[in-house]
Amino acid sequence: GSREVEVRARVGGILLRRNYEEGGRVHQGDLMFEIDPAPYQATLEQAKGSLGQAEATLEQAKRDAARMDTLYKGDVVAKKDYDDAKTTLASTTAAVETARGKVHEAALNLEWTKVTAPISGLTSKETRSEGSLVTTTSEGSLLTKISRVDPLYVNFSMSGPEMSHLRKQLAEGKVVIVAGGDYVVRLTLPDGSDYDTPGRINFTDTQVDPTTGVVKVRAEFPNAKDSVL
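Along each chain, numbering runs from 1 in the same order as the chain's sequence is written. Local features in this predicted model are restricted to residues of pLDDT 70 or higher, and side-chain atom pairs are both shown and tallied only at a pLDDT of 80 or more, whereas totals for entire chains, interfaces and linings draw on every residue. Each side-chain value is worked out from all heavy atoms of the structure, with water and hydrogens disregarded.

K.L.:
Even after reading the chapter, I still don't get the overall build of the chain, so can you show me in this structure?
P.N.:
For the chain, the count of helices and strands is 3 helices and 12 strands. Atoms considered for the radius of gyration are the C-alpha atoms alone. The globule rule reads 2.2 Å times the number of residues to the power 0.38. Taken over C-alpha atoms, the radius of gyration comes to 31 Å for the chain, far larger than the 17 Å a tight globule of 229 residues would show. In terms of its C-alpha atoms, the chain occupies a principal-axis envelope of roughly 95 × 50 × 35 Å. The classification of residues rests on relative accessible area computed with a 1.4 Å probe and restricted to protein chains. Under 20% of the type maximum is buried, over 50% is exposed, and intermediate values are partly exposed. Across the 229 residues of the chain, 30% fall into the buried class. Every residue pair with non-hydrogen atoms within 4.5 Å of one another is taken to be in contact. Put simply, 70% of the contacts in the chain that link residues at least 6 apart link residues at least 24 apart. Computed by Shrake-Rupley with a 1.4 Å probe, the accessible areas treat only the displayed protein chains as cover when residues are assessed. By element, 52% of the accessible surface of the chain is carried by carbon and sulfur atoms, the whole surface being about 14,200 Å². Positive charges come from Lys and Arg alone, negative charges from Asp and Glu alone, with His and the N- and C-terminal ends not counted. For charged residues, the charge sits on one atom: NZ in Lys, CZ in Arg, CG in Asp, CD in Glu. If the 29 positive side-chain charges of the chain are averaged to one point and the 33 negative ones to another, these points end up 3 Å apart. Helix and strand labels come from DSSP, where a helix needs a run of H or I of at least four residues and a strand needs a run of E of at least two; each type is numbered from the N terminus.

Now the structure itself:
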């Protein structure tokens, strides 16, 4: 595949269900796994409650600060009381922002209990079965992998002298590249048949591998029907 992506859980919990067929095709955004959302739903409700309390405290602090401002201008209260009211207003404002952040964090965690496909492609075998505990560690968060097989990549190599000779011929004009400046590549399948659509080279290494004496090359082929697998 031209791209392989690991599907990982962002939150931990019990894996409730798998919603795709192993080895089947999924599209970007498809629901693949569901992690038990109950603990995260409860955390979100608690965060919303704390936000409500913080907002109520802020409204009271605003009223107190407004009254204190009027009294201070009338020279009825000391400057310390006036400063204390402003400090309380600032701290309660900060507390509301913190509470809002907690609500946002809890909402994200709840959303992340539904693991969706990051790209379209073919899936591999699941690494965690229903009922398993999923964690957020590097080992415990991997659920499966998705490979994008359209386009398809074919990796091959050319010898160092062969590549140098080709580049020299290009520089001297003895070899001319057509088709928009791309090398046209044709693919022979393991059964001896030819793949019906030509590809193009999209990467050529700039160095010769000192251990093998070859230059790595990669060709890209369209594979909309998943015919090359």
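Continuing now.
K.L.:
It is not clear to me how the nonpolar core should be interpreted in this structure. Could you clarify?
P.N.:
Nonpolar side chains tend toward joint burial in soluble globular proteins. In plain words, nonpolar cores are sets of buried Ala, Val, Leu, Ile, Met, Phe, Trp, Tyr and Cys residues tied together by side-chain atoms within 4.5 Å. Membership of the largest hydrophobic core comes to 27 residues, with the highest contact counts inside it found for Met-32, Phe-33, Ile-35, Val-115, Val-134, Leu-143 and Ile-146. Of all the secondary-structure elements, those providing two or more residues to this core are β1 (3-8), β4 (31-35), α1 (38-73), α2 (79-111) and β8 (142-148). In terms of residues, this core owes the most to one element, α1, which gives 6 residues.

K.L.:
Would you mind showing me how to read the sheet that holds strand β3 (residues 25-26) here?
P.N.:
With respect to topology, 4 strands assemble into an open sheet ordered β1-β8-β6-β3, the strand pairing being antiparallel. Every interior strand has two partners, whereas the edge strands, β1 and β3, have only one. Examined bridge by bridge, β1 and β8 share 6 bridges and lie antiparallel to one another. Paired with Val-5 across the bridge in β8 is Ile-146. The pairing criterion is simple: DSSP has to find at least two bridges between the two strands.

K.L.:
Looking at this structure, I do not really get the pattern of salt bridges. What am I missing?
P.N.:
Side-chain pairs of opposite charge can arise whenever the charged atoms involved come near each other. A side-chain nitrogen of Lys or Arg and a carboxyl oxygen of Asp or Glu constitute a salt bridge if their distance falls within 4 Å. Across all of its chains, the model carries 12 salt bridges by this definition. When the shortest N-O distance is used, the salt bridge between Asp-64 and Arg-67 registers 2.3 Å. Taken together, the positions of Asp-64 and Arg-67, both in helix α1 and 3 residues apart, correspond to about one turn of that helix. Judged by its relative accessible area of 32%, Asp-64 falls in the partly exposed class. With relative accessibility at 47%, the residue Arg-67 sits in the partly exposed group. Between Glu-97 and Arg-100 there is a salt bridge, and its shortest N-O distance comes to 3.0 Å. Remark: Arg-100 and Glu-97 occur in helix α2; sequence separation between them is 3 residues, near one turn of the helix. Salt bridges sharing partners connect three or more residues here, namely Arg-17, Glu-34 and Lys-114.

K.L.:
Looking at this structure, I do not really get a nonpolar patch on the surface. What am I missing?
P.N.:
The patches reported here contain residues having more than 30% relative accessible area and no salt bridge. Joining distances are 9 Å for like charges and 5 Å for nonpolar side chains (Val, Leu, Ile, Met, Phe, Trp, Tyr). Residues Ile-14, Leu-16 and Leu-133 make up a contiguous nonpolar surface patch of about 260 Å² in total accessible area. Take Leu-16: its relative accessible area is 35%, and that puts it in the partly exposed class.

K.L.:
Teacher, can you tell me more about α1 here?
P.N.:
Counting along an α-helix, one turn takes 3.6 residues, and residues three or four places apart therefore face a common direction. Its 36 residues give α1 an end-to-end C-alpha distance of 53 Å, which sits within 8% of 52 Å, the value for a rise of 1.5 Å per residue. Where α1 is buried, its residues contact α2. Count one or two residues on from α1 and you reach Asp-75, which has phi positive near 60°. One fewer than the residue count of a helix, multiplied by 1.5 Å, yields its expected span.

K.L.:
I would appreciate a short explanation of the environment of Asp-81 in the present structure.
P.N.:
Tracing the backbone shows Asp-81 in helix α2. Taking the relative accessible area as the measure of exposure, Asp-81 reaches 38% and is therefore partly exposed. A C-alpha to C-alpha distance of 27 Å links Asp-81 and Gly-52, two positions 29 residues apart in sequence.

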